[in-house]
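Residue strings, one per chain:
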Amino acid sequence: MGGSESPDRTPERDDRTGRAAAAQRMQNKDRWVDLQIQEAMKRGDFDNLPGAGKPIEGLGAQHDPDWWLKKLVEREKISVLPPALQLRKDDAELDERLDRHTAESEVRRILEEFNARVMKARYTPVDGPPLVTMTRDVDAEVDAWRERRLRRRRAAEAARAAAPRPPAKRAPRRRWFGRGRS
(Lines give C-alpha, C1' and ligand atoms only; values in the text may rest on other atoms or scores of the structure.)
Protein backbone atom coordinates (compact mmCIF):
# COMPACT_ATOMS: atom_id res chain seq x y z
CA MET A 1 0.00 0.00 0.00
CA GLY A 2 0.95 3.62 -0.51
CA GLY A 3 1.39 4.46 3.16
CA SER A 4 -1.07 7.35 3.54
CA GLU A 5 -4.22 5.19 3.69
CA SER A 6 -5.05 3.48 6.96
CA PRO A 7 -5.75 -0.26 6.72
CA ASP A 8 -9.28 -0.07 8.22
CA ARG A 9 -10.32 2.83 5.94
CA THR A 10 -10.87 1.78 2.33
CA PRO A 11 -13.00 3.35 -0.40
CA GLU A 12 -15.38 0.34 -0.35
CA ARG A 13 -15.89 0.65 3.42
CA ASP A 14 -16.44 4.43 3.12
CA ASP A 15 -19.04 3.80 0.43
CA ARG A 16 -20.91 1.23 2.56
CA THR A 17 -20.90 3.43 5.64
CA GLY A 18 -21.96 6.41 3.54
CA ARG A 19 -24.93 4.48 2.14
CA ALA A 20 -25.89 3.27 5.61
CA ALA A 21 -25.69 6.80 6.99
CA ALA A 22 -27.85 8.09 4.11
CA ALA A 23 -30.44 5.37 4.74
CA GLN A 24 -30.49 6.25 8.44
CA ARG A 25 -30.95 9.95 7.62
CA MET A 26 -33.87 9.07 5.34
CA GLN A 27 -35.54 7.08 8.12
CA ASN A 28 -34.98 9.94 10.54
CA LYS A 29 -36.28 12.43 7.98
CA ASP A 30 -39.59 10.56 7.89
CA ARG A 31 -39.81 10.81 11.68
CA TRP A 32 -38.77 14.45 11.61
CA VAL A 33 -41.47 15.29 9.04
CA ASP A 34 -44.07 13.43 11.09
CA LEU A 35 -43.01 15.35 14.21
CA GLN A 36 -43.26 18.65 12.35
CA ILE A 37 -46.78 17.79 11.19
CA GLN A 38 -47.84 16.75 14.70
CA GLU A 39 -46.48 19.97 16.21
CA ALA A 40 -48.23 22.06 13.53
CA MET A 41 -51.50 20.27 14.30
CA LYS A 42 -51.07 21.01 18.01
CA ARG A 43 -50.41 24.69 17.26
CA GLY A 44 -53.51 24.79 15.06
CA ASP A 45 -51.69 25.65 11.84
CA PHE A 46 -54.08 23.43 9.86
CA ASP A 47 -57.25 24.90 11.36
CA ASN A 48 -59.45 27.06 9.14
CA LEU A 49 -57.73 26.15 5.89
CA PRO A 50 -59.72 26.80 2.71
CA GLY A 51 -61.65 23.71 1.78
CA ALA A 52 -61.51 22.23 5.30
CA GLY A 53 -64.28 19.71 5.81
CA LYS A 54 -65.14 19.63 2.12
CA PRO A 55 -64.55 16.68 -0.19
CA ILE A 56 -61.55 16.90 -2.49
CA GLU A 57 -62.68 17.90 -5.96
CA GLY A 58 -61.89 15.50 -8.75
CA LEU A 59 -62.47 12.33 -6.75
CA GLY A 60 -65.63 11.14 -8.39
CA ALA A 61 -66.79 7.65 -9.26
CA GLN A 62 -63.91 7.33 -11.72
CA HIS A 63 -60.64 8.43 -10.19
CA ASP A 64 -58.39 10.49 -12.46
CA PRO A 65 -54.84 10.48 -11.09
CA ASP A 66 -54.12 13.79 -12.85
CA TRP A 67 -57.13 15.64 -11.43
CA TRP A 68 -54.93 18.05 -9.46
CA LEU A 69 -52.87 18.90 -12.55
CA LYS A 70 -55.99 19.62 -14.57
CA LYS A 71 -57.30 21.86 -11.77
CA LEU A 72 -53.96 23.70 -11.66
CA VAL A 73 -54.01 24.29 -15.42
CA GLU A 74 -57.61 25.51 -15.20
CA ARG A 75 -57.04 27.74 -12.15
CA GLU A 76 -53.77 29.29 -13.34
CA LYS A 77 -54.90 29.45 -17.00
CA ILE A 78 -51.78 27.63 -18.13
CA SER A 79 -51.61 26.97 -21.84
CA VAL A 80 -50.14 23.64 -22.81
CA LEU A 81 -49.96 23.79 -26.57
CA PRO A 82 -47.36 22.53 -29.02
CA PRO A 83 -45.00 25.37 -30.00
CA ALA A 84 -46.48 25.75 -33.49
CA LEU A 85 -50.02 26.17 -32.14
CA GLN A 86 -48.88 28.49 -29.34
CA LEU A 87 -47.18 30.71 -31.91
CA ARG A 88 -50.35 30.75 -34.06
CA LYS A 89 -52.35 31.81 -31.02
CA ASP A 90 -49.78 34.46 -30.05
CA ASP A 91 -49.73 35.73 -33.64
CA ALA A 92 -53.52 36.12 -33.64
CA GLU A 93 -53.39 38.07 -30.34
CA LEU A 94 -50.26 40.12 -31.11
CA ASP A 95 -51.98 43.27 -32.41
CA GLU A 96 -54.21 43.40 -29.34
CA ARG A 97 -51.18 42.91 -27.11
CA LEU A 98 -49.27 45.68 -28.89
CA ASP A 99 -52.21 48.07 -28.58
CA ARG A 100 -52.02 47.85 -24.78
CA HIS A 101 -48.62 49.59 -24.85
CA THR A 102 -47.94 53.27 -25.31
CA ALA A 103 -44.18 53.29 -25.88
CA GLU A 104 -42.77 52.48 -29.30
CA SER A 105 -39.68 50.90 -27.73
CA GLU A 106 -41.89 48.42 -25.86
CA VAL A 107 -43.78 47.55 -29.07
CA ARG A 108 -40.50 46.96 -30.90
CA ARG A 109 -39.21 44.76 -28.06
CA ILE A 110 -42.36 42.61 -28.12
CA LEU A 111 -42.16 42.22 -31.91
CA GLU A 112 -38.49 41.27 -31.78
CA GLU A 113 -39.19 38.68 -29.06
CA PHE A 114 -42.03 37.23 -31.14
CA ASN A 115 -39.81 37.02 -34.23
CA ALA A 116 -37.05 35.34 -32.20
CA ARG A 117 -39.53 32.73 -30.93
CA VAL A 118 -40.73 32.05 -34.49
CA MET A 119 -37.16 31.65 -35.73
CA LYS A 120 -36.27 29.35 -32.85
CA ALA A 121 -39.34 27.19 -33.53
CA ARG A 122 -38.52 27.13 -37.23
CA TYR A 123 -35.08 25.62 -36.58
CA THR A 124 -36.12 23.28 -33.77
CA PRO A 125 -37.44 19.86 -34.76
CA VAL A 126 -40.78 19.31 -33.06
CA ASP A 127 -43.54 16.77 -33.06
CA GLY A 128 -46.96 18.06 -33.86
CA PRO A 129 -48.46 20.39 -36.40
CA PRO A 130 -46.23 22.23 -38.86
CA LEU A 131 -45.13 25.78 -38.16
CA VAL A 132 -46.95 28.15 -40.50
CA THR A 133 -46.49 31.35 -38.50
CA MET A 134 -44.34 33.92 -40.22
CA THR A 135 -42.12 36.55 -38.65
CA ARG A 136 -43.42 40.09 -38.63
CA ASP A 137 -41.76 43.13 -40.23
CA VAL A 138 -41.01 45.25 -37.15
CA ASP A 139 -41.10 48.63 -38.92
CA ALA A 140 -44.35 47.87 -40.75
CA GLU A 141 -45.96 46.61 -37.54
CA VAL A 142 -44.86 49.71 -35.63
CA ASP A 143 -46.39 51.89 -38.37
CA ALA A 144 -49.63 49.88 -38.16
CA TRP A 145 -49.58 50.24 -34.35
CA ARG A 146 -49.19 54.03 -34.70
CA GLU A 147 -52.09 54.15 -37.16
CA ARG A 148 -54.37 52.11 -34.88
CA ARG A 149 -53.39 54.34 -31.96
CA LEU A 150 -54.17 57.48 -33.98
CA ARG A 151 -57.57 56.05 -35.05
CA ARG A 152 -58.42 55.23 -31.41
CA ARG A 153 -57.41 58.74 -30.32
CA ARG A 154 -59.55 60.34 -33.06
CA ALA A 155 -62.50 58.10 -32.18
CA ALA A 156 -62.19 59.07 -28.51
CA GLU A 157 -62.07 62.77 -29.43
CA ALA A 158 -65.12 62.38 -31.68
CA ALA A 159 -66.99 60.58 -28.90
CA ARG A 160 -66.14 63.39 -26.49
CA ALA A 161 -67.27 66.00 -29.00
CA ALA A 162 -70.53 64.16 -29.69
CA ALA A 163 -71.34 63.58 -26.03
CA PRO A 164 -73.99 65.94 -24.65
CA ARG A 165 -72.43 68.63 -22.54
CA PRO A 166 -73.95 69.72 -19.29
CA PRO A 167 -75.23 73.29 -19.37
CA ALA A 168 -72.54 75.77 -18.47
CA LYS A 169 -72.90 77.45 -15.13
CA ARG A 170 -73.55 81.10 -15.47
CA ALA A 171 -71.89 83.62 -13.29
CA PRO A 172 -74.23 84.85 -10.59
CA ARG A 173 -76.00 88.00 -11.62
CA ARG A 174 -75.18 91.09 -9.68
CA ARG A 175 -78.08 93.04 -8.35
CA TRP A 176 -78.48 96.69 -9.28
CA PHE A 177 -78.49 97.77 -5.67
CA GLY A 178 -75.06 96.28 -4.99
CA ARG A 179 -73.26 98.25 -7.69
CA GLY A 180 -71.09 101.21 -7.09
CA ARG A 181 -71.39 101.48 -3.35
CA SER A 182 -68.40 101.54 -1.20
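Residues numbered from 1 in each chain as written. Predicted model: local features only at pLDDT ≥ 70, side-chain atom pairs only at ≥ 80, totals over all residues. Heavy atoms only, no water.

**Points about the overall build of the protein chain**
Test applied: In this description a helix means any DSSP run of H or I spanning at least four residues, a strand means any run of E spanning at least two, and both kinds are numbered starting from the N terminus. For the exposure calls, accessible area comes from a 1.4 Å probe over protein chains only, and a residue counts as buried if that area is under 20% of its type's maximum, exposed if over 50%, partly exposed in between. Residue contacts follow a heavy-atom distance rule, with two residues in contact if any of their heavy atoms lie within 4.5 Å.
Per the secondary structure count, the protein chain includes 5 helices and 0 strands. Its helices and strands in sequence order give the protein chain the pattern α-α-α-α-α, from N to C terminus. Within the span of the protein chain, comprising 182 residues, buried residues form 12% of the whole. Taking all contacts inside the protein chain whose residues are at least 6 apart in sequence as the whole, residues at least 24 apart take part in 55%.

**Things to note about the packing of helix α3 (residues 83–99) against helix α4 (residues 104–122)**
The criterion, for reference: Convention adopted: a line fitted to C-alpha atoms gives each axis, helices being fitted over their contacting stretch, and angles between N-to-C directions are expressed from 0 to 180 degrees. Angles are sorted into four bins: roughly parallel if under 35 degrees, roughly antiparallel if over 145, roughly perpendicular if 65 to 115, and oblique for all others. Charged means Asp, Glu, Lys or Arg here, nonpolar means Ala, Val, Leu, Ile, Met, Phe, Trp, Tyr, Cys or Pro, and polar covers whatever is left, Gly included.
Where α3 meets α4, the closest approach of the two axes is 11 Å, and the angle between their N-to-C directions is 170°. With respect to α4, the axis of α3 lies roughly antiparallel. Contacts from Gln86, Leu87, Asp90, Asp91, Leu94, Arg97 and Leu98 of α3 reach α4 at Val107, Ile110, Leu111, Phe114, Arg117, Val118 and Ala121. A breakdown of the residues in the contact of α3 with α4 according to their chemical character gives 9 nonpolar, 1 polar and 4 charged.

**Focus: the pattern of salt bridges**
We apply this condition: We define a salt bridge as a contact between a side-chain nitrogen of Lys or Arg and a carboxyl oxygen of Asp or Glu at a distance within 4 Å.
Under the criterion given, the structure shown has 16 salt bridges. A salt bridge links Arg136 to Asp95, with the shortest nitrogen-to-oxygen separation between them at 3.0 Å. Pair noted here: Arg136 is in the loop between α4 and α5 (138–162) and Asp95 is in helix α3, with a separation of 41 residues, a long-range link. Residue classification places Arg136 among the buried residues on the basis of a relative accessible area of 15%. Because the salt bridges share partners, they merge into one network encompassing Asp91, Asp95, Asp99, Arg136, Glu141, Arg148 and Arg152.

**Focus: the environment of Ser105**
Here Ser105 lies in helix α4. The exposure class of Ser105 is exposed, given its relative accessible area of 56%. Along the backbone, Ser105 and Val142 are 37 residues apart, and their C-alpha atoms lie at a distance of 9.5 Å.

**A word on the side chain of Arg136**
Test applied: Identification of polar contacts relies on pairs of N or O atoms within 3.5 Å, with a donor-acceptor requirement for protein atoms, meaning one able to donate a hydrogen and the other able to accept it, and with residues adjacent in sequence counted only if both atoms are side-chain atoms.
For Arg136, the side chain forms a polar contact with the side chain of Asp95, separated by 3.0 Å. The residues contacting Arg136, other than those within four sequence positions of it, are Asp91, Leu94, Asp95, Leu111, Phe114, Asn115 and Glu141.

**Thoughts on α3**
What counts here: To estimate how far a helix should reach, multiply one less than its number of residues by 1.5 Å. Each residue is assigned a bend, namely the angle between axes fitted to the seven residues that terminate at it and the seven residues that start at it.
End to end, α3 covers 24 Å across 17 residues, agreeing with the expected 24 Å (1.5 Å per residue, within 8%). Of all the bends in α3, the largest measures some 50° and sits at Glu93. Within the sequence span of α3, burial applies to Ala84, Gln86, Leu87, Asp90, Leu94 and Leu98. Where α3 is buried, its residues meet α4 and α5.

**Quick look at the environment of Arg97**
Structurally, Arg97 is set in helix α3. For Arg97, a relative accessible area of 32% corresponds to the partly exposed category. Through-space distance from the C-alpha of Arg97 to that of Ile110 is 8.9 Å; in sequence the pair is 13 residues apart.

**Some thoughts on the nonpolar core**
Generally speaking, nonpolar side chains in soluble globular proteins are found buried as a group. The line we're drawing: In plain words, nonpolar cores are sets of buried Ala, Val, Leu, Ile, Met, Phe, Trp, Tyr and Cys residues tied together by side-chain atoms within 4.5 Å.
Leu87, Leu94, Leu98, Val107, Ile110, Leu111, Phe114, Val118, Ala121, Val138, Val142 and Trp145 together form the largest nonpolar core, which totals 12 residues. Here this core takes 6 residues from α4, the largest share from any one element. Contacts of Val118, omitting those with residues within four sequence positions, involve Leu87, Leu131, Thr133, Met134 and Thr135.

No statement about biological role is implied by the geometric values presented.
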